[in-house]
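Here is how the chains run, residue by residue.
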Amino acid sequence: MIYFTSDVHLGHERAIEHNERPFSSLEEMNDVLIDNINKTVGEKDELWILGDFAFKVKRDEVRKFRNRIKCKHVHLVNGNHDKNYSNDGIFESVQDYKKLKTQYGKFILFHYPILEWNAGHYGTVHLHGHIHSRGEYNAENLKKKYCDRFPNGHLVKNKELGLRIYDVGVDANDYKPISIEEIAEKMNLVRIKNGEK
């Protein structure tokens with residue numbers, strides 16, 4: 001199974017105040033967020049972190065946080081607070097942008113929300129973080145049609161095509177990762193035969 005998350009901000013004490021997180025200390029936040037990953041994502045699953053895994057901590061501490069996660073296949077799409085971990089072996093892969101082929105079609109993974117993404121008018125899904133939204137942002141976007149948001153953009157063959165953009169950040173998803181299956185259900189995505197990553 002594939003899971004997504006973002007803006008974990010491990011080691012960032014002020015994230016509790018700035019984002020009104022329900023934790024009484026930095027240690028509690030770090031522990032709960034890592035525990036939530038381990039309770040949700042299996043060892044053989046795949047976890048995509050769409051930026052800001054940690055904040056203002058040394059590489060050794062980032063490695064310690066990563067090693068506490070039981071999942072073996074953890075990928076990082078860089079966020080604005082991530083250092084260049086490409087050559088550190090902390091994550092299975094590190095990139096700025098990812099086009100992920102899945103059993104539900106293409107997913108565009110980027111730390112930032114973008115107005116228009118590759119083949120969005122054909123139904124590709126854009127997952128992002130960065131904005132520390134709450135559930136209302138995702139709920140509102142799930143009600144919209146692609147052509148409502150971009151009336152002067154690419155032509156959309158299916159005027160009923162939903163706006164397929166979703167904030168996978170912890171603040172918008174009960175402080176835990178969200179699975180591709182949950183996103184597919186929310187967006188009414190249809191499984192594609194022979195879908196591949």
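Up top is the structure these notes are about.
What you see is a predicted model; the values in this text were computed from it and never measured.

Student: Sorry if this is basic, but what is going on with the sheet that holds strand β2 (residues 46–49) here?
Tutor: Whether parallel or antiparallel, the strands of a sheet pair through hydrogen bonds between backbone atoms. Across the sheet, five strands lie side by side as β4-β3-β2-β1-β9; this open sheet has mixed pairing. The open sheet has two edge strands, β4 (93–95) and β9 (178–179), and neither has a second partner. As judged from the three bridges shared by strand β3 (residues 73–77) and β4, these two strands associate in the parallel manner. Residue pairing across strands places L76 opposite V94, the latter belonging to β4.

Student: Where do I start with the environment of L142 in this structure?
Tutor: Inspection of the secondary structure puts L142 in helix α4 (residues 135–143). For L142 and M187, which are 45 residues apart along the polypeptide, the C-alpha to C-alpha distance reads 6.8 Å. When neighbours within four sequence positions are excluded, L142 is seen to be in contact with Y166, K186 and M187.

Student: How should the side chain of H132 be read in this particular structure?
Tutor: Looking at where H132 falls in the secondary structure, it is placed in the loop between β7 (125–128) and α4. Polar contacts involving the side chain of H132 include one to the side chain of D171, which spans 2.7 Å. Excluding anything up to four places from it in sequence, H132 contacts D7, H9, N19, R21, D167 and D171.

Student: Teacher, can you tell me more about unusual backbone geometry here?
Tutor: Note: most peptide bonds trans; most residues except glycine with negative phi. Not every positive phi belongs to a glycine, and H130 is a case in point at roughly 75°. Considering the arrangement of structural elements, one finds H130 in the loop between β7 and α4. With a relative accessible area of 28%, H130 lands in the partly exposed category. Even without a glycine there, the phi angle at H132 is positive, about 50°.

Student: Honestly, the sheet that holds strand β5 (residues 97–102) in this entry has me stumped. Any pointers?
Tutor: Taking strand neighbours across the sheet as the criterion, the four strands line up as β5-β6-β7-β8 in an open arrangement whose pairing is mixed. Strand pairing shows two members of the sheet lacking a second neighbour, β5 and β8 (165–167), which therefore form its edges. Between one strand and the next, the sheet's axes are offset by a mean angle of 20°, whatever the strand orientation. Note: strand β6 (residues 105–110) against β7, three bridges, orientation parallel. By the bridge assignment, I108 is partnered in β7 with H126. Contacting β7 and β8, α4 runs over the sheet at an angle of about 170° to β8. The sheet contacts of helix α6 (residues 180–187) involve β5, β6, β7 and β8, and relative to β8 the element is tilted by about 130°.

Criteria and cut-off values
- Residues numbered from 1 in each chain as written.
- Predicted model: local features only at pLDDT ≥ 70, side-chain atom pairs only at ≥ 80, totals over all residues.
- Heavy atoms only, no water.
- Pairing = 2+ DSSP bridges.
- Helix = DSSP H or I, 4+ residues; strand = E, 2+ residues; numbered from the N terminus.
- Contact = heavy atoms within 4.5 Å.
- Polar contact = N/O pair within 3.5 Å; in protein donor to acceptor, adjacent residues only side chain to side chain.
- Buried < 20%, exposed > 50% of the residue type's maximum accessible area, 1.4 Å probe, protein only.
- Axes fitted to C-alpha atoms, helices over the stretch in contact; angles between N-to-C directions.

As far as function goes, none of this settles anything; it's purely spatial.
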